[in-house]
Amino acid sequence: QVQLVESGGGLVQTGGSLKLACAASGRTFSSGAMGWFRQAPGKEREFVAAISSSGASTYYAESLKGRFTISRDNAKNTVYLQMNSLKPEDTAVYYCAARVYSSRSSNMNDYAYWGQGTQVTVSS
């Protein structure tokens with residue numbers, strides 16, 4: 001079993017930055033890929049970014065490239081999402097997720113474990 005706890009969400013103005021963190025416990029964190037997803041009100045959950053178990057490979061939703069950066073610290077069992085130049089359309093609940101396998105994926109169905117989410121609100 002894996003427990004994931006997100007933190008770092010909040011209210012920020014357009015153009016601002018936030019850094020989300022997801023702390024993992026319960027199994028060997030470094031063996032699995034991690035991902036970030038988000039869900040805006042009235043919309044389906046969507047892929048944001050993913051990172052392989054070693055951190056060597058990352059993947060982003062095309063629309064977010066250049067503004068968001070995913071990283072991980074296996075010594076701290078934590079994955080991060082740095083979000084810059086935030087826009088009102090980035091407002092959503094952000095979820096981190098963990099895979100059993102090492103390769104990163106943009107498919108929600110590939111992730112076995114999910115956090116409870118952290119709210120990000122970008123005001124205009």
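Bear in mind that the values here come from a model prediction, so they are computed numbers and not experimental data.

Here is what the cut-offs are and how they apply
- Residues numbered from 1 in each chain as written.
- Predicted model: local features only at pLDDT ≥ 70, side-chain atom pairs only at ≥ 80, totals over all residues.
- Heavy atoms only, no water.
- Pairing = 2+ DSSP bridges.
- Helix = DSSP H or I, 4+ residues; strand = E, 2+ residues; numbered from the N terminus.
- Axes fitted to C-alpha atoms, helices over the stretch in contact; angles between N-to-C directions.
- Core = buried A, V, L, I, M, F, W, Y, C linked by side-chain atoms within 4.5 Å.
- Buried < 20%, exposed > 50% of the residue type's maximum accessible area, 1.4 Å probe, protein only.
- Contact = heavy atoms within 4.5 Å.
- Salt bridge = Lys/Arg side-chain N within 4 Å of Asp/Glu carboxyl O.

(A) Spatial organisation of the sheet that holds strand 1 (residues 3-7). Taken in spatial order, the 4 strands make up an open sheet running 1-3-8-7, and their pairing is antiparallel. Each having just a single partner strand, strand 1 and strand 7 (68-73) make up the two edges of the open sheet. Each strand axis lies, on average, 15° off the axis of its neighbour in the sheet, ignoring direction.

(B) Just the nonpolar core, in detail. Within the largest apolar cluster, 35 residues are counted, with the highest numbers of intra-cluster contacts made by Leu4, Trp36, Leu81, Met83 and Tyr94. Where this core is concerned, the elements lending two or more residues are strand 3 (18-25), strand 4 (34-39), strand 5 (46-51), strand 7, strand 8 (78-83), strand 9 (92-98) and strand 11 (118-123). Ignoring sequence-local partners within four residues, the contact set of leucine 81 consists of Leu18, Lys19, Leu20, Trp36, Val48, Ala49, Phe68, Thr69, Ile70 and Tyr94.

(C) Examining unusual backbone geometry more closely. The backbone phi angle of asparagine 77 is positive, close to 55°, even though this residue is not glycine. Structurally, the position occupied by asparagine 77 is in the loop between strand 7 and strand 8. By relative accessible area, which is 25% here, asparagine 77 ends up partly exposed.

(D) Local environment of the pattern of salt bridges. According to the stated counting rule, one finds 4 salt bridges in the structure shown. Note that glutamate 46 is salt-bridged to arginine 38, the shortest N-O span being 2.6 Å. Using a relative accessible area of 8% as the deciding quantity, one classes arginine 38 as buried. For the salt bridge of lysine 65 with glutamate 62, the shortest nitrogen-to-oxygen distance reads 3.2 Å. On the basis of relative accessible area, glutamate 62 is assigned to the exposed category, the value being 60%. In this structure, a network of salt bridges that share partners links the residues Arg38, Glu46, Arg67 and Asp90.

(E) Spotlight on the environment of glutamine 13. Within the element layout of this structure, glutamine 13 appears in strand 2 (residues 10-13). Here glutamine 13 falls in the exposed class, since its relative accessible area comes to 61%. Taking the C-alpha atoms as reference, glutamine 13 lies 8.0 Å from lysine 87; in sequence the two are 74 residues apart. Apart from the residues within four sequence positions on either side, glutamine 13 is in contact with Val122 and Ser123.

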